[in-house]
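# Observations on the three-dimensional arrangement
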Amino acid sequence: MSEKNASMSLPINVEQIQELLPHRYPFLLVDRVIEIVPNVSVVAIKNATINEPFFQGHFPGHPVMPGVLIVEAMAQTAGLLTQISRRLNGDNGSPLFYLVKIDNARFSAPVVPGDQLRLEVTQKRLVRGMGLFVARTLVDGKEVASCELMCAARAEK
């Protein structure tokens, strides 16, 4: 870990997350990391509030978090697993990973304002700059979404 991140301990707050991910408002969709087993799994939290800009138009009078944003939150959580794990292994030059594939996405219940999303991601493999992850999102202990994600490290220019 770099000197700046050497003191990082759980929970990892949003300021620390911004040191690890390039995403910013309104597209930073992870508020806190509460569990991590480096190179294995991570659990993060996203609080869905009525102040989220997407609730204005999705849908007026019946606000529902778009499924693509739930998938994005899971992908960002996978990115946090990768970034934190690399830094714990002494690699401070962590590359940026892009989401390249989503498989078996399922949505079983709507996410509404006031819900707290528990984002659980497990790394299946990470080989030659390609990572495969299994992700699921729970609200109040009930699974509301799941998918498999593939991410690729950005090619150096």
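Per an unreviewed UniProt entry, the protein chain goes by 3-hydroxyacyl-[acyl-carrier-protein] dehydratase FabZ and derives from Rhodanobacter panaciterrae. Database annotation for the protein chain, UniProt heading Catalytic activity (unreviewed entry): "a (3R)-hydroxyacyl-[ACP] = a (2E)-enoyl-[ACP] + H2O". Recorded in UniProt for the protein chain, the comment headed Sequence similarities (unreviewed entry) runs: "Belongs to the thioester dehydratase family. FabZ subfamily."

### Considering unusual backbone geometry
Geometrically, the link from L10 to P11 is a cis peptide bond, its omega value of -5° lying close to zero. Residue position: P11 is located in the segment before α1 (14–20). Along the chain, H58 connects to F59 via a cis peptide bond; the corresponding omega equals 0°. Following the sequence through the fold, F59 ends up in the loop between β2 (41–47) and α2 (67–88). Here R128, not a glycine, exhibits a phi torsion of approximately 45°, which is positive.

### Let's talk about the pattern of salt bridges
What the rule picks out here adds up to 8 salt bridges. For the salt bridge of E143 with R136, the shortest nitrogen-to-oxygen distance reads 3.3 Å. Through salt bridges with shared partners, one network takes in E35, R118, E120, R136 and E143.

### Focus on the UniProt feature "active site" (unreviewed entry) in the protein chain
This chain's UniProt record puts "active site" (unreviewed entry) on H58. Within the element layout of this structure, H58 appears in the loop between β2 and α2.

Procedures and definitions
Residues numbered from 1 in each chain as written. Predicted model: local features only at pLDDT ≥ 70, side-chain atom pairs only at ≥ 80, totals over all residues. Heavy atoms only, no water. UniProt positions renumbered as here; feature names shortened; annotations may be inferred. Helix = DSSP H or I, 4+ residues; strand = E, 2+ residues; numbered from the N terminus. Salt bridge = Lys/Arg side-chain N within 4 Å of Asp/Glu carboxyl O.

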